[in-house]
Amino acid sequence: MEKRDSADPERVTYTAAKRYSQRKKLSAERIADEKLLSSIRCKVEHAFHRIKVQFGYKKVRYRGLDKNTARLTMLASIANMFIGNCFENRTKVSFA
């Protein structure tokens, strides 16, 4: 990641989660950081799964960059609505 032209160490910190086999060797503090990274990745990949599988956006059709961007933006917003709707409709448990 450091080899990228866009890498600006003053503004951006690039991090990638380690594989599970490599994570066993880390300290407890570093493992907590890795779990945070993986939880973020999980939330992002869930939306991409919806876009690809549920809406069938597996490959880009070359209809122009504006049309591709508009289609992807529309599918991302619909996927977010579906995820939000599933979150609202799940069973709420009260311990009161």
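Residues numbered from 1 in each chain as written. Predicted model: local features only at pLDDT ≥ 70, side-chain atom pairs only at ≥ 80, totals over all residues. Heavy atoms only, no water.

1. Section: the overall build of the chain
Turning to step 1, where the next piece is worked out: Across its full length, the chain holds 3 helices and 0 strands.
Turning to step 2, where the next piece is worked out: Every one of the 96 residues in the chain was classed for burial, and the buried ones make up 10%.
Turning to step 3, where the next piece is worked out: At a minimum sequence separation of 6, the contacts of the chain that also span at least 24 residues come to 30%.
Turning to step 4, where the next piece is worked out: Counting only carbon and sulfur atoms, one obtains 56% of the accessible surface of the chain, whose full area is about 8800 Å². (Helix = DSSP H or I, 4+ residues; strand = E, 2+ residues; numbered from the N terminus. Buried < 20%, exposed > 50% of the residue type's maximum accessible area, 1.4 Å probe, protein only. Contact = heavy atoms within 4.5 Å. Areas by Shrake-Rupley, 256 points an atom, 1.4 Å probe, with all protein chains shown as cover.)

2. Details of helix α3 (residues 65-89)
Turning to step 1, where the next piece is worked out: With 25 residues, α3 should reach 36 Å at 1.5 Å per residue; the first-to-last C-alpha distance of 36 Å fits that figure.
Turning to step 2, where the next piece is worked out: What α3 keeps buried is the set N68, R71, L75 and A79.
Turning to step 3, where the next piece is worked out: In this structure, the buried side of α3 is in contact with α2 (28-54). (Expected span 1.5 Å × (residues − 1).)

3. Side note on the packing of α2 against α3
Helix-helix packing is described using two parameters, namely the angle between the two axes and the distance between the axes.
Turning to step 1, where the next piece is worked out: Remark: α2 packs on α3, axes separated minimally by 9 Å, with the N-to-C direction vectors making an angle of 115 degrees. Taken together, α2 and α3 sit at an angle that is classed as roughly perpendicular. For α2 against α3, the interelement crossing comes out right-handed. Side by side, α2 and α3 meet where H46, A47, R50, I51 and Q54 of the first sit next to L72, L75, A76, A79, F82, I83 and C86 of the second. (Axes fitted to C-alpha atoms, helices over the stretch in contact; angles between N-to-C directions. Parallel < 35°, antiparallel > 145°, perpendicular 65-115°, else oblique. Left-handed = near helix turned anticlockwise from the far one by under 90°.)

4. Quick word on a nonpolar patch on the surface
Turning to step 1, where the next piece is worked out: Together, L36, I40, V44 and F48 line one region of the surface with nonpolar side chains, adding up to about 380 Å² of accessible area.
Turning to step 2, where the next piece is worked out: Tracing the chain through its elements places F48 in helix α2. (Patch = residues over 30% accessible without salt bridge, like charges linked within 9 Å, V, L, I, M, F, W, Y side chains within 5 Å. Salt bridge = Lys/Arg side-chain N within 4 Å of Asp/Glu carboxyl O.)

5. Some words on the pattern of salt bridges
Turning to step 1, where the next piece is worked out: This model, assessed by the stated rule, comprises 1 salt bridge.
Turning to step 2, where the next piece is worked out: Across the pair R30 and E34 runs a salt bridge whose closest N-O atoms are separated by 3.1 Å. Taken as a pair, R30 and E34 lie in helix α2 at a separation of 4 residues, close to a single helical turn.
Turning to step 3, where the next piece is worked out: When its relative accessible area of 1% is taken as the criterion, E34 is described as buried.

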